[in-house]
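# Structural description and commentary
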Amino acid sequence: MKKLKKNAASMVAEARNRIEEVEVEDLISKVDDPAVVIVDIRDIRERQRSGFIPGSVHAPRGMVEFWVDPESPYFKEIFGEDKKFVFHCASGWRSALTVATLQDMGFEAAHLREGFSKWAEKGGPVEMPPADS
């Protein structure tokens, strides 16, 4: 197998060195803060299986760049609001890469360093989707 120039772990490490990381405990304390928008970039099946942070916005990772770009036909108004955006995935890898990309675009955001799995493990509130969804 051909060796890659850069592996995924090194890309995540580089991203983490230049973005804002939020600890689980800090975000738990802000879960009801109207100035904070928590953005879940996990796949819909992950949300259905594991639940989600109450009040979080679901933005699939494959669409995030388009949803935050006001010039994109896919722009979502929530991302035009003057709020603090904290993105998360399951373990913090995808969200680190996503936030680094958004930062390159000029969109200010942070990410949940240890992801949703640690959020749930450390007692963060979790909502399950309705059984019929």
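Residues numbered from 1 in each chain as written. Predicted model: local features only at pLDDT ≥ 70, side-chain atom pairs only at ≥ 80, totals over all residues. Heavy atoms only, no water.

### Examining the packing of aromatic side chains
Where two aromatic rings form a pair, the distance of their centres and the angle of their planes describe that pair. All told, the structure shown has 5 aromatic pairs when counted by the stated rule. Each ring, one from F66 and one from Y74, has its centre 6.3 Å from the other, and the planes form 75 degrees; the classification is edge-to-face. Geometrically, the ring pair formed by F79 and F87 is stacked, given 6.3 Å between the ring centres and 15 degrees between the ring planes. One exposure class covers both F79 and F87, and it is buried. (Phe/Tyr/Trp six-rings, centres within 6.5 Å; stacked < 30°, edge-to-face > 60°. Buried < 20%, exposed > 50% of the residue type's maximum accessible area, 1.4 Å probe, protein only.)

### What to know about the nonpolar core
V39, V64, F79, F85, F87 and F107 are the most contacted members of the largest nonpolar core, which totals 20 residues. Of all the secondary structure elements, the ones that give two or more residues to this core are α1 (8–16), β2 (36–40), α4 (64–68), β4 (84–88) and α5 (93–105). The dominant element in this core, judged by the number of residues it contributes, is α5, at 4 residues. Sequence-distant contacts of F85, defined by excluding residues within four places in its chain, comprise V37, V39, I78, F79, F107, E108, A109 and A110. Counting 12 residues, the second-largest nonpolar core is a separate cluster that includes V36, I38, V86 and F116. (Core = buried A, V, L, I, M, F, W, Y, C linked by side-chain atoms within 4.5 Å. Helix = DSSP H or I, 4+ residues; strand = E, 2+ residues; numbered from the N terminus. Contact = heavy atoms within 4.5 Å.)

### Topic: the pattern of salt bridges
Considering all chains together, one arrives at 13 salt bridges under this definition. The closest approach of N and O atoms between E23 and R113, which form a salt bridge, is 2.8 Å. With a gap of 90 residues between them, E23 in the loop between β1 (20–22) and α2 (24–28) and R113 in the loop between β5 (110–112) and α6 (115–121) connect regions that are remote in the sequence. Classification of E23 as partly exposed rests on a relative accessible area of 27%. Across the pair E81 and K83 runs a salt bridge, and its minimum N-O distance is 3.4 Å. Overall, E81 belongs to the partly exposed group, its relative accessible area being 36%. Judged by its relative accessible area of 32%, K83 falls in the partly exposed class. Through salt bridges that share partners, E25, E114 and K122 make up one connected network. (Salt bridge = Lys/Arg side-chain N within 4 Å of Asp/Glu carboxyl O.)

These figures capture arrangement, not role.
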